[in-house]
Amino acid sequence: MFATNKTHRRGVPSAKSRKPKKDDSASVTNIKSSATSTPATSISINGIDIHFPFQPYNVQHQYMSSVITALQASQHALLESPTGTGKTLCLLCSALAWQIREKSRMSVELEGIQSQQEGKADELAPGPDQSQDGSDGFSNHSVPRKKAPVIIYASRTHSQLSQVMGELRNTRYRPKHSILGSREHSCIHPKVNPIVAKGKGSPGVEPKTSTEVNNGCSKLCKERKCMFRNNLEDAQGKSGVWLPPTVQRADENKSFEQPVLDIEDLVALGKQHKICPFYHSRSHLKEAELILVPYNYLFDRDARETTLAEVDFSNAVLIFDEAHNLEEFASESSSFDLSSADIAGCISEVTRGVQLLE
């Protein structure tokens, strides 16, 4: 687990001044699928080749070195870096580079074990222990896990996650990913969530609470009356994942490069193609190598056991960005408010119960 924080220090050169700007042409109507918009600089740290959008400063090199060291040792890390030094960019590049190396290492190990087992199977004559499907009866306990650790990047707000997606867009890395947000931010049904569907500031639009949005969505989906989710399910087909037409695969057997979209991009994409952004993002969870979530998805037990049910937390790298917010967030998530009206209502109910008992 990583907990990251920031410090304030003068005289440190800003990484933002050298960071490539987001290309406005990478809009929802013209999704860019290129690997990167700027030439990347490759550096090696502890045997891991890391691609970086530009030549890193010393503080960035030290930060990435700390990340790689902790990942290779499977240790917890509490990292701190001055404001403006590209902390998020360093985290993404180093963690994703390590993940790619892990995938390669596991693939080589798996091929070696399979070759050993095939060699032993050829030397043995078929016997009573051989199974009907032709397997040689060897135990699979020695076979390493088939999937590299998933990276879960948690931040406090949706806007901070959008900034992380912006940084990812500036790198060469294009992992399979999923960014999770609430229905309040990603539901586009005009009756359920008119603020997002029609746009903020639209005349005659009454905002709804998150509870109203959640209940309205659940009701329509249960009755199969949500056009956007129905369209998504129809478009997903057997693969279970819908792709924008601009990145559709010519061959279903070939891999594809998933476009890097934040929640606002997903909402715009949903409006354009009449599909549900909320469930579209969740459809990528099963194969995701990078998952971006607000804190509450990890603090809330129901969210962990439902939305993140398919995530193997024992095989995951957990990153808490802006970790100085954790204590306050944990306190708020375990607290509740009681108004004077609530207390008066309780007294009234207790008084009525006592009167009934008498």
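The model shown is predicted, which means the values in this text are computed figures rather than measured ones.

Scoring rules and cut-offs
- Residues numbered from 1 in each chain as written.
- Predicted model: local features only at pLDDT ≥ 70, side-chain atom pairs only at ≥ 80, totals over all residues.
- Heavy atoms only, no water.
- Helix = DSSP H or I, 4+ residues; strand = E, 2+ residues; numbered from the N terminus.
- Contact = heavy atoms within 4.5 Å.
- Areas by Shrake-Rupley, 256 points an atom, 1.4 Å probe, with all protein chains shown as cover.
- Buried < 20%, exposed > 50% of the residue type's maximum accessible area, 1.4 Å probe, protein only.
- Patch = residues over 30% accessible without salt bridge, like charges linked within 9 Å, V, L, I, M, F, W, Y side chains within 5 Å.
- Salt bridge = Lys/Arg side-chain N within 4 Å of Asp/Glu carboxyl O.
- Pairing = 2+ DSSP bridges.
- Expected span 1.5 Å × (residues − 1).
- Arc of directions from axis to C-beta.
- Core = buried A, V, L, I, M, F, W, Y, C linked by side-chain atoms within 4.5 Å.
- Phe/Tyr/Trp six-rings, centres within 6.5 Å; stacked < 30°, edge-to-face > 60°.
- Lys NZ or Arg CZ within 6 Å of the ring centre and 35° of its normal.
- Polar contact = N/O pair within 3.5 Å; in protein donor to acceptor, adjacent residues only side chain to side chain.

A. Inspection of the overall build of the chain at higher detail. Summing up its helical and strand segments, the chain has 13 helices and eight strands in all. A separation threshold of at least 6 residues defines the contact pool for the chain, and within that pool the share at least 24 residues apart is 75%. Total accessible area on the chain stands at roughly 20700 Å², and carbon and sulfur atoms take up 49% of it.

B. A look at the side chain of Ser94. Turning to its location among the elements, Ser94 is positioned in helix α2 (residues 87–123). With a relative accessible area of 0%, Ser94 lands in the buried category. Once residues within four sequence positions are removed from consideration, Ser94 is found in contact with Ile50, Met64, Val67 and Ile68.

C. Seen up close, a nonpolar patch on the surface. On the surface, Phe336, Leu338, Ile343 and Ile347 cluster together into a nonpolar patch covering about 460 Å² of accessible area. Judged by relative accessible area, Phe336 falls into the exposed class, the value being 67%.

D. Structural detail: the pairing of strand β3 (residues 48–52). Only one face of β3 is buried: it carries Ile48, Ile50 and Phe52, and the other face, with Asp49 and His51, is open. Sheet topology places strand β2 (residues 41–45) next to β3; five bridges connect them, and they run antiparallel. The partner of Ile43 across the bridge, within β3, is Ile50. Turn length for the β2-β3 hairpin, with the two strands adjacent in sequence and antiparallel, is two residues, and the turn residue Asn46 shows positive phi of about 55°.

E. Seen up close, helix α6 (residues 210–222). Here α6 is 13 residues long and its end C-alpha atoms lie 18 Å apart, about the 18 Å a rise of 1.5 Å per residue gives. Those residues of α6 that sit buried are Val213, Cys217, Leu220 and Cys221. On an axial view of α6, the arc spanned by its buried residues comes to 95°, and they lie on one face. Summarising the geometry of α6, the exposed residues directed more than 90 degrees from the buried face are Asn215, Lys219 and Lys222. Of the residues one or two after α6, Arg224 is the one with positive phi, at around 55°.

F. Local environment of the nonpolar core. The biggest cluster of nonpolar side chains holds 58 residues, and the ones touching the most others in it are Phe2, Ile50, Tyr153, Leu292 and Ile319. A total of nine residues in this core trace back to one element, the largest contributor, which is α2. Residues Ala3, Leu180, Ala288 and Ile291 belong to the second largest nonpolar core, which totals 20 residues.

G. Fine view of the packing of aromatic side chains. Enumeration over the complete set of coordinates arrives at five aromatic pairs. With a centroid separation of 6.5 Å and an interplanar angle of 50°, the aromatic rings of Tyr295 and Phe299 are classed as tilted. Look at Tyr295 and you get buried, because its relative accessible area is 0%. Geometrically, the ring pair formed by Tyr295 and Phe320 is tilted, given 5.8 Å between the ring centres and 55° between the ring planes. Residue Tyr295 is located in the loop between β7 (290–294) and α10 (296–299), and its partner Phe320 is located in strand β8 (residues 316–320); the two are separated by 25 residues in the primary sequence. Put simply, the rings of Tyr295, Phe299 and Phe320 touch in pairs and so form one group of aromatic residues. Sitting above the plane of the Tyr279 ring, Arg229 keeps its charged end 3.7 Å from the centroid. Between the NZ or CZ atom of Arg282 and the centre of the ring of Phe278, over which it lies, the distance is 3.7 Å.

H. Structural view of unusual backbone geometry. For Asn46, which is not a glycine, the phi torsion comes out positive at approximately 55°. In this fold, Asn46 is placed in the loop between β2 and β3. Overall, Asn46 belongs to the partly exposed group, its relative accessible area being 44%. In the Ramachandran plot, Arg224 falls in the positive-phi region, its phi being about 55° despite a non-glycine side chain. Mapped onto the elements, Arg224 comes out in the loop between α6 and α7 (227–236). A relative accessible area of 48% means that Arg224 is categorised as partly exposed.

I. Layout of the environment of Val267. Inspection of the secondary structure assignment puts Val267 in helix α8 (residues 263–273). In the structure, Val267 is positioned 82 residues away from His185 in sequence and 8.4 Å away in space, judged by C-alpha atoms. Contact partners of Val267, with chain neighbours within four places excluded, come to His185, Ser186, Ile188, Val196 and Pro277.

J. Inspection of helix α3 (residues 158–169) at higher detail. An ideal rise of 1.5 Å per residue puts 16 Å on 12 residues; α3 measures up with 17 Å between its terminal C-alpha atoms. Judged by how many residues are buried, α3 sits mostly within the fold: nine of 12 residues are covered. Regarding α3, the residues found buried are His158, Leu161, Ser162, Val164, Met165, Gly166, Glu167, Leu168 and Arg169.

K. Summary view of the environment of Tyr173. The topology assignment puts Tyr173 in the loop between α3 and β6 (177–179). Here the alpha-carbon distance between Tyr173 and Ile50, two residues 123 residues apart in the chain, equals 9.9 Å. When residues no more than four places from it in sequence are discounted, the contact partners of Tyr173 are Asp49, Ile50, His51, Cys93, Leu96, Ala97, Ile100 and Leu168. At 2.9 Å, the side chain of Tyr173 forms a polar contact with the backbone nitrogen of His51.

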